[in-house]
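Fold and contact review
What follows is the residue order along each chain.
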Amino acid sequence: MAIGAQKSALAEKLGFEKDQVVQELGWDDDVDDAVREQIEELIGSGLEDEDYDGVVDAVLLWWRDGDGDLIDDCVDALTNLADKGFVVLLVPGAGHPDHVDASDIAEAAQTAGLNAGTSTRAGSEWIATKLVQGGVAKQR
């Protein structure tokens, strides 16, 4: 596998594509910059911040136990999301004090009108779960 392909494998697995507009929510000093860079490299531009008010193809939502209400933040992630857009929810991995249980993610997603797909490791300390609208986990 070529180095460029290897670097973007996670971003592609999560459903990101070239020329997408991606909004990032929940950024803090603890996020995995390598994950962010992979997504930016694949989409070909920087991530939009929480103040962006245009339509987006995807939302990158970093969330930790104690950040507030996961349901509310999932609903907020839908604000600028295009009809076939998706949310990638990143939470700290198991064993981390701010870890969020998979059942809590599934419940919050369902309550927000989203469907949680399978989770995958994203960097050394984060777990990514793709959340899609309309209940089709592999929707693009």
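Scroll up for the structure.
Note that the structure is a prediction, hence the values are computed from the model and not measured.

So, on to the side chain of Asp-32. If you trace the backbone, Asp-32 turns up in the loop between β1 (22-25) and α2 (33-43). We note that Asp-32 is buried and unpaired, the nearest opposite charge coming from Arg-121 at a distance of 8.1 Å. In this structure the side chain of Asp-32 is engaged in a polar contact, spanning 2.9 Å, whose partner is the backbone nitrogen of Ala-34. When neighbours within four sequence positions are excluded, Asp-32 is seen to be in contact with Trp-62, Ala-122, Gly-123, Ser-124 and Trp-126.

In this section: the packing of aromatic side chains. Where two aromatic rings form a pair, the distance of their centres and the angle of their planes describe that pair. Applying the stated criterion across every chain yields a total of two aromatic pairs. Ring centres 4.8 Å apart and planes at 80 degrees place the aromatic pair Trp-62 and Trp-126 in the edge-to-face group. Here Trp-62, found in strand β2 (residues 56-62), pairs with Trp-126, found in strand β5 (residues 126-133); they are 64 residues apart in sequence, far enough to count as distant. When its relative accessible area of 1% is taken as the criterion, Trp-62 is described as buried.

This brings us to helix α4 (residues 102-111). When we look at burial in α4, the residues that qualify are Ile-105, Ala-108 and Ala-109. One side of α4 holds all its buried residues, which, seen down the axis, span an arc of 100 degrees. Among the exposed residues of α4, those pointing more than 90 degrees away from its buried face are Gln-110 and Thr-111. The inward-facing, buried residues of α4 abut α3 (70-77), β3 (81-92), β4 (114-122) and β5. Backbone geometry just downstream of α4 places Gly-113 in the positive-phi region, at approximately 85 degrees.

What counts, and at which threshold
- Just so you know, the residues in each chain are numbered from 1, in the order the chain's sequence is written.
- Restriction of local features to residues with pLDDT of at least 70 applies here, the model being predicted, together with a cutoff of 80 or more for giving and counting side-chain atom pairs; totals for whole chains, interfaces and linings are based on all residues.
- Only hydrogens and water are set aside when side-chain values are computed; all heavy atoms of the structure are taken into account.
- Only DSSP runs of H or I with at least four residues qualify as helices, and only runs of E with at least two residues qualify as strands; both kinds are numbered from the N terminus onward.
- Type-normalised accessible area, obtained with a 1.4 Å probe on protein chains alone, sets the label of each residue: buried when under 20%, exposed when over 50%, and partly exposed for intermediate values.
- A positive count includes Lys and Arg, and a negative count includes Asp and Glu. His and the chain ends are not counted in either.
- What makes a salt bridge here is a side-chain nitrogen of Lys or Arg within 4 Å of a carboxyl oxygen of Asp or Glu, nothing more.
- Any pair of N or O atoms that falls within 3.5 Å is considered a polar contact. Within protein, one atom must be able to donate a hydrogen and the other to accept it, and sequence-neighbouring residues count only if both atoms are side-chain atoms.
- We call two residues contacting when some pair of their heavy atoms lies within 4.5 Å.
- Aromatic contacts are taken between Phe, Tyr and Trp rings whose centres are within 6.5 Å, Trp giving its six-membered ring; a plane angle under 30 degrees counts as stacked, one over 60 as edge-to-face, and the others as tilted.
- In this context, the arc is that of the directions from the helix axis out to the C-beta atoms.

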